[in-house]
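Report on the structure
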Amino acid sequence: MPETLSKQEKSVRRSRWGGETGVAMVVFALLALLPTVFSGYVIYILPQYMLFGLLAMSLGLLWGFGGILSFGQAAFFAVGGYAMGLMMQQALPVNAAYLGIIVAVLAGGGLAAIAGYFLFSAGVRATYFVLITLALSIIAEQIAVSQSQITGGWNGLFVDRMSLTFGPLGEVSLYGDVAFYYFVLPLIVLCYLGFRWLTLSKVGKVLVGIRENEDRVIALGFNVSAYKTLVFALSGGLAGFAGALYASQANFVSPSLAGVLFSTEVVVWVAIGGRASLLGALLGGILVSSLSNYLSAITPEYWQLLLGIIFILVIAFFKSGLSGAVVQLFQFLQRRRG
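Here's what I pulled together on the structure shown here. (Residues numbered from 1 in each chain as written. Predicted model: local features only at pLDDT ≥ 70, side-chain atom pairs only at ≥ 80, totals over all residues. Heavy atoms only, no water.)

When helices and strands are tallied, the chain shows 14 helices and four strands. On C-alpha atoms alone, the chain measures out to a radius of gyration of 20 Å, which is about the 20 Å that the 2.2 N^0.38 rule sets for 338 residues. Across its three principal directions, the C-alpha atoms of the chain cover 65 × 50 × 50 Å. Taken over 338 residues, the chain has a buried fraction of 47%. (Helix = DSSP H or I, 4+ residues; strand = E, 2+ residues; numbered from the N terminus. Rg over C-alpha atoms; globule rule 2.2 N^0.38 Å. Buried < 20%, exposed > 50% of the residue type's maximum accessible area, 1.4 Å probe, protein only.)

Once that is clear, we can look at the layout of surface pockets. By volume, the second largest pocket amounts to about 410 Å³. Taken together, 18 residues line the second largest pocket, and the ones lying closest to its centre are Phe52, Phe262, Glu265, Ser292 and Trp303. Mapped onto the lining of the second largest pocket, the elements with two or more residues apiece are helix 2 (41-66), helix 11 (260-273), helix 12 (278-298) and helix 13 (303-317). Considering each element in turn, the lining of the second largest pocket owes the most residues, five residues, to helix 2. (1 Å grid on protein atoms, 1.4 Å probe; cavity = no way out; pocket = protein on both sides within 12 Å on 5 of 7 lines; lining within 4 Å. Points joined across faces, edges and corners; volume = space filled by probe spheres on them.)

Counting 92 residues, the largest nonpolar core has Phe28, Leu54 and Met162 as its most contacted members. Considering every element that reaches this core, the biggest residue donor is helix 2, with 16 residues. Apart from residues lying up to four places away in sequence, methionine 162 is in contact with Met84, Met88, Ala97, Ile101, Leu174, Phe180, Phe183, Leu245 and Ser248. (Core = buried A, V, L, I, M, F, W, Y, C linked by side-chain atoms within 4.5 Å. Contact = heavy atoms within 4.5 Å.)

Within the structure shown, the criterion is met by 17 aromatic pairs. Pairing phenylalanine 52 with tryptophan 269 gives two aromatic rings, centres 5.3 Å apart and planes at 35 degrees, and the pair type is tilted. Here phenylalanine 52 is found in helix 2, whereas its partner tryptophan 269 is found in helix 11, with 217 residues between them in sequence. Assigned by exposure class, phenylalanine 52 and tryptophan 269 land together as buried. Between phenylalanine 129 and phenylalanine 232 the ring centres are 5.4 Å apart and the planes differ by 65 degrees, which places this aromatic pair in the edge-to-face class. Of this pair, phenylalanine 129 sits in helix 5 (residues 126-146) while phenylalanine 232 sits in helix 10 (residues 224-250); the two residues are 103 residues apart in sequence, bridging distant segments of the chain. The same class applies to phenylalanine 129 and to phenylalanine 232, which are both buried. Put simply, the rings of Phe52, Phe77, Tyr246, Phe262 and Trp269 pair up and form one aromatic cluster. Geometry around phenylalanine 180 places arginine 161 over its ring, the cationic atom sitting 4.8 Å from the centre. (Phe/Tyr/Trp six-rings, centres within 6.5 Å; stacked < 30°, edge-to-face > 60°. Lys NZ or Arg CZ within 6 Å of the ring centre and 35° of its normal.)

This part takes up the pattern of salt bridges. According to the stated counting rule, one finds six salt bridges in the structure shown. Two residues, arginine 125 and glutamate 214, come together in a salt bridge whose shortest N-O distance is 3.3 Å. Here arginine 125, found in the loop between helix 4 (96-121) and helix 5, pairs with glutamate 214, found in helix 9 (residues 214-219); they are 89 residues apart in sequence, far enough to count as distant. Residue classification places glutamate 214 among the buried residues on the basis of a relative accessible area of 16%. As a salt-bridge pair, lysine 228 and glutamate 214 come within 2.8 Å of each other at their nearest N and O atoms. With a gap of 14 residues between them, lysine 228 in helix 10 and glutamate 214 in helix 9 connect regions that are remote in the sequence. This pair shows no difference in class: lysine 228 is buried, exactly as glutamate 214 is. Linked by salt bridges that have partners in common, Arg125, Glu214, Asp215 and Lys228 make up one network. (Salt bridge = Lys/Arg side-chain N within 4 Å of Asp/Glu carboxyl O.)

None of this, on its own, says anything about what the molecule does.
Here it is in structure tokens:
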């Protein structure tokens, strides 16, 4: 009997892994083909949207699987962007971009780990945690403004486009939009697969247990604050990584990237895409940021109102986001066929 159950568990796990991940591979394959169809501005701007999707995925991991809503993801994103910009200004014996990415991940993850340790150890939950992370975004924005001699203040910080160096083997320039596009896309695929694996691991199961019933998980003997701190640190590190690549691609980072408005946008992306799915959060970041850009171009005065209406409609009729609606539709069609 135990052997049978073990096989069943493995089968379920393979099914869960293959379902969303298979759809994700199709999505990534389509994204890989886009530069063969489009050119110009589309290929320039899409990596930014994909990095916004990566930022949304960092919140999807935290909110969707750990049940922890954070308005501080923009702060980690901006920290990563500034870390990249400041490193790129230094004359170093190694590729400054590589060091910038490492510092960005460590700064974003480290800041989240420190904040998470103190907050979760003190038992801070729900609304109070949201307010504190909101304050974190405000503080990050104000520091970026006040330290203008380092950050450039409201004028922002110019960041040069990175290149890939391979020692004596030579250098690959990423100054072209297509080159940077194909640099960003595989990294997003790797991040997705890594975090997808994490959500299906034992750590992911504990996080889901914390989301569903934290007191019961505590009663089972798990160190809940340690798990929360871990997922918050991973989320912050991923946001910092996305921020570093964004700064290099956009050639610019400004205090507004750490602000409350941008933090709120990230929450909207995840809510619309679906917080219970990493792919849903990723696509929510890509699609909603693309839609925001389009709406702001055709109706600069009312685009935020239109986006707000879309957000309300999705929350009212699709509580699990658009990805949840797709899953429900698929299940409905399966029942009809059965």
